[in-house]
Amino acid sequence: MSEPKTEKKNEEKKVESEQMYLEMCDQLKKKYDEVEYIKAKLTMQNTDLKKEILTAYGLSRILDNLINNCFDVDMEVVCLSESLRGHLSNVIDDII
């Protein structure tokens, strides 16, 4: 008589374990999807920032060339332009 009850309890435990396993799998899937979304978003932001840095570097090169072709530019402006170009060049070398 006790065998059917024991067998029934074992079956119930098995069903509970399977349900817990499925719930854990669902939680893991949700967490994985969340991490993948964040990763994709960060990758896009990283690419956009690289494009912005390259654009700024290009504009600083153009500015530097324009300043070199002018005769009456303040020395402070020349120094700032060269510093900006040098800094952006270092950033590009380090990051991109």
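The preceding data block contains the structure.
In this text the structure is predicted, and so the values were computed from the model without any measurement.

Analysis parameters
Residues numbered from 1 in each chain as written. Predicted model: local features only at pLDDT ≥ 70, side-chain atom pairs only at ≥ 80, totals over all residues. Heavy atoms only, no water. Helix = DSSP H or I, 4+ residues; strand = E, 2+ residues; numbered from the N terminus. Rg over C-alpha atoms; globule rule 2.2 N^0.38 Å. Buried < 20%, exposed > 50% of the residue type's maximum accessible area, 1.4 Å probe, protein only. Areas by Shrake-Rupley, 256 points an atom, 1.4 Å probe, with all protein chains shown as cover. Lys, Arg positive; Asp, Glu negative; His and termini not counted. Charge placed at Lys NZ, Arg CZ, Asp CG, Glu CD. Core = buried A, V, L, I, M, F, W, Y, C linked by side-chain atoms within 4.5 Å. Contact = heavy atoms within 4.5 Å. Polar contact = N/O pair within 3.5 Å; in protein donor to acceptor, adjacent residues only side chain to side chain. Salt bridge = Lys/Arg side-chain N within 4 Å of Asp/Glu carboxyl O.

Chemist: Give me the overall build of the chain: which residues, what numbers.
Modeler: A count of helical and extended segments in the chain gives two helices and zero strands. Over its C-alpha atoms the chain spans a radius of gyration of 31 Å, topping by over 25% the 12 Å that the globule rule assigns to 96 residues. Projected onto its principal axes, the C-alpha positions of the chain cover 105 × 15 × 15 Å. Taken over 96 residues, the chain has a buried fraction of 10%. Counting every atom, the chain has about 8800 Å² of accessible surface; 59% of that belongs to carbon and sulfur. Charge-centre separation for the chain: the mean point of 14 positive side chains lies 10 Å from the mean point of 20 negative side chains.

Chemist: So what about the nonpolar core? Which residues, and what values?
Modeler: In terms of nonpolar packing, the biggest core is built from five residues, these being Ile53, Tyr57, Leu88, Val91 and Ile92. Mapped onto this core, the elements with two or more residues apiece are α1 (2–69) and α2 (75–95). The residues touching Ile92, leaving out its near neighbours within four places in the chain, are Ile53, Leu54 and Tyr57.

Chemist: Could you give an account of the side chain of Ser60, naming the residues involved and the relevant values?
Modeler: The residue Ser60 is located in helix α1 in this model. The buried category is assigned to Ser60, whose relative accessible area is 3%. A polar contact is formed between the side chain of Ser60 and the backbone oxygen of Tyr57, at a distance of 2.7 Å. In this structure, Ser60 is in contact with Ser81, Leu84, Arg85 and Leu88, ignoring residues within four places of it in sequence.

Chemist: Before we move on, could you go through the pattern of salt bridges and cite the residues and values that matter?
Modeler: Overall, the coordinates contain two salt bridges when judged by the stated rule. A salt bridge links Lys29 to Asp33, with the nearest nitrogen and oxygen atoms 3.0 Å apart. Note that Lys29 and Asp33 are positioned in helix α1 at a spacing of four residues, about one turn of the helix. Of the charged contacts, one joins Asp64 and Arg85 as a salt bridge, the two residues approaching to 2.8 Å between their closest N and O atoms. Of this pair, Asp64 sits in helix α1 while Arg85 sits in helix α2, and the two are 21 residues apart along the sequence. The exposure class assigned to Arg85 is partly exposed, which follows from its relative accessible area of 25%.

Geometric descriptors of this kind do not, in isolation, establish any biological role.
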